[in-house]
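Each chain, written out:
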Amino acid sequence: MAIQKVKQNVFSIGAKHWDRRLFDELIPLPDGTTYNSYLVEGSDKTALIDTVDPETLDDIFENLKNHNVTKIDYIIVNHAEQDHSGGIPAVLAKYPESKVVTNEKCKKMLIDLLKISDDKFMVIKDEEILSLGDKTLQFYLTPWVHWPETMVTYLKEDSILFSCDFLGSHYVSSELFVKDEAKVYASAKRYFAEIMMPFRKNITGHLEKLKDLNIEMIAPSHGQIYDNPKLILDAYKDWTSDNVKNEVVIPYVSMHGSTKRMVEYLTNALIKRNIIVKPFNLTVTDIGELAIELVDAATIVIGSPTVLMGPHPSVAYAAFLANMLKPKAKFATVIGSYGWGGKMVEKIAGMLGNLKVEILSTVMVKGFPEENDFRTLDDLADEILEKHKSLNL
Ligand code: FEO
């Protein structure tokens, strides 16, 4: 993709991956993604901030050639994951005088992952400053967004925070800056849910650490640049807070209709109690949509039939994923059906060990649900209502 000007002597030279539809062989990307790489030209030195996924190196080299870049003094590495670091060996081959500037932990990972030799590195510490002449970079270590070595880079004179994965979105557009805030908010929330949510406590600390910086732009390495940083900073404050919403998420699978009927009944019972409900039939659900709803929901109800004495494998996958993502839900339970027996509830509950939830009443039905089963689901809806009220939702 063509070079785009961010500010005077600051350029976006990375790649737009319009048709990528899966990340890490796991995460759906309905809007593609970008691997942003930024060129900062100071009066004395030139820095490249992060590179790109090796698949898209042609873009960056074409931009460097068209911009007549004959020397790169520093390759700043905010994160060792290969969608940003994978291009470093090729850039070093073309610009052998470059130093790879990063923190100690990231250096070790780059040596392991990319076999970059030790003498290529310049190791920086938290809040260390690097002068490019009339432009100054300052580095802030922000571990666990979402790997242990992550950091961000602040360009003082232009008040730009280069945040790499942190605060990003899997969203691709020909426009450099955010225009459609609602669309980008939704993409950023999906990205947060899938990648950052397990680390929300770390993120709270990082937001606090960066709060006194004068940030006019946030330039992440995925998605567009925020020239209204408040949009994403306020969103992250909300998503990482302990506040939950009056919402119930119901991921479920039904094989012969019993669990589906229970989910339908419970959904209506919750709607009657003015609770927002999001049922997700896992056989047709984009798992990212489920992750988004897990960001705010106060309660998770998992619905499953019994398969070979346990949950349906698709439900087990969703429970495993929810446990990994560590949403801030306060309550959870299981509803479902069985033909002759099993330990489905115990098995699902055993998969949710990371969640700090109170387990509410479970509802298990033999065969197709009947009147007394619906009354039990009404009782569960009442229990959820009371629990939400106890949180002033
Ligand atoms: Fe975009 Fe963690 O890499």
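Refer to the structure presented above.
A quick note: this is a predicted structure, and the numbers were derived from the prediction, not measured.

Reading the values: the criteria
- The written sequence of each chain sets the order in which its residues are numbered from 1.
- In keeping with the predicted nature of the model, local features appear solely for residues at pLDDT of at least 70, side-chain atom pairs appear and are counted solely at 80 or more, and the whole-chain, interface and lining totals rest on all residues.
- Calculated side-chain values reflect all of the structure's heavy atoms, with hydrogen atoms and water omitted.
- For every residue, the accessible area obtained with a 1.4 Å probe (protein chains only) is divided by the maximum for its type, and the residue is called buried under 20%, exposed over 50%, and partly exposed between those limits.
- Secondary structure counts use DSSP, requiring at least four H or I residues in a row for a helix and at least two E residues in a row for a strand, with both numbered from the N terminus.
- Within this analysis, the arc is defined by the directions that extend from the helix axis to the C-beta atoms.
- Here, residues are in contact when the closest pair of their heavy atoms is within 4.5 Å.
- Polar contact is the term for a pair of N or O atoms within 3.5 Å; when the atoms are in protein, one must be able to donate a hydrogen and the other to accept it, and sequence-neighboring residues count only if both atoms are side-chain atoms.
- Salt bridge, as used here: a side-chain nitrogen of Lys or Arg that lies within 4 Å of a carboxyl oxygen of Asp or Glu.
- Pairing between strands is defined by DSSP: at least two bridges between the two strands are required.
- A pair of Phe, Tyr and Trp rings is counted when the ring centres sit within 6.5 Å of each other, with Trp represented by its six-membered ring. The angle between the planes then sorts it: under 30 degrees is stacked, over 60 is edge-to-face, the rest tilted.
- Only lysine NZ and arginine CZ atoms are considered, and such an atom sits over a ring when it is within 6 Å of the ring centre and within 35 degrees of the ring normal.

Peer 1: How do you make sense of helix H4 (residues 104–114) when you look at a structure like this?
Peer 2: Think of an α-helix as turning once every 3.6 residues; residues three or four places apart then point the same way. Listed as buried for H4 are Cys 106, Lys 107, Met 109, Leu 110 and Leu 114. Burial along H4 is one-sided: seen end-on, the buried residues are contained in an arc of 165°. Facing away from the buried side of H4, by more than 90 degrees, are the exposed residues Lys 108 and Asp 112. Residues of H4 that are buried sit in contact with helix H2 (82–85), helix H3 (88–94), strand S10 (99–102) and strand S11 (121–123). The backbone nitrogen of Lys 105 lies 3.2 Å from a side-chain oxygen of the residue at the head of H4, namely Asn 103. Looking at the residues trailing H4, positive phi occurs at Lys 115, about 60°.

Peer 1: I keep staring at the pattern of salt bridges and nothing clicks. Help me out?
Peer 2: One side chain can pair with another of opposite charge once the charged atoms of both are near each other. In the structure shown here, the tally under the stated rule is 26 salt bridges. A salt bridge links Asp 73 to Lys 71, with the nearest nitrogen and oxygen atoms 2.7 Å apart. Accessibility expressed as a relative area gives 40% for Lys 71, which makes it partly exposed. In this structure, Lys 245 and Asp 296 form a salt bridge, with 3.5 Å as the shortest nitrogen-oxygen distance. Placement of the pair is Lys 245 in strand S17 (residues 245–252) and Asp 296 in the loop between helix H9 (287–294) and strand S19 (297–307), with a sequence separation of 51 residues. Its relative accessible area of 32% is what places Lys 245 among the partly exposed residues. Bridged by salt links that share partners, the residues Lys 189, Asp 238, Lys 245 and Asp 296 form one connected network.

Peer 1: Before we go on, may I ask you to explain the pairing of strand S21 (residues 331–338) in this structure?
Peer 2: For a regular strand, side-chain orientation follows a simple rule: the groups alternate between the two sheet faces. With seven of eight residues buried, S21 is to be regarded as a mostly interior element. The pairing of S19 with S21 spans seven bridges and is parallel. Within S21, the residue paired with Ile 300 across the bridge is Ala 332. Both S21 and strand S22 (residues 358–359) contribute to a ladder of two bridges, which runs parallel. In the strand pairing of S22, Ala 332 is matched with Ile 359. As paired elements, S21 and strand S23 (residues 363–366) share four bridges and run parallel to each other. Note on S23: the bridge partner recorded for Gly 336 is Met 364.

Peer 1: I would appreciate a short explanation of the side chain of Ser 12 in the present structure.
Peer 2: Structurally, Ser 12 can be placed in strand S2 (residues 10–12). Given the relative accessible area of 8%, Ser 12 is considered buried. Once residues within four sequence positions are removed from consideration, Ser 12 is found in contact with Ala 2, Ile 3, Gln 4, Val 6, Ser 37, Tyr 38 and Leu 176.

Peer 1: Explanation requested: the packing of aromatic side chains in the structure shown.
Peer 2: Two measures describe an aromatic ring pair: the distance that separates the ring centres and the angle between the ring planes. One pass over the structure, following the stated rule, counts eight aromatic pairs. Centre to centre, the rings of Tyr 265 and Phe 374 are 4.6 Å apart; their planes meet at 25°, and the pair counts as stacked. One end of the pair, Tyr 265, is in helix H8 (residues 258–272); the other, Phe 374, is in helix H12 (residues 371–390), with 109 residues separating them in the sequence. For Phe 374, a relative accessible area of 8% translates into the label buried. Above the ring of Phe 61, the side-chain terminus of Lys 94 is found at 4.6 Å from the ring centroid.

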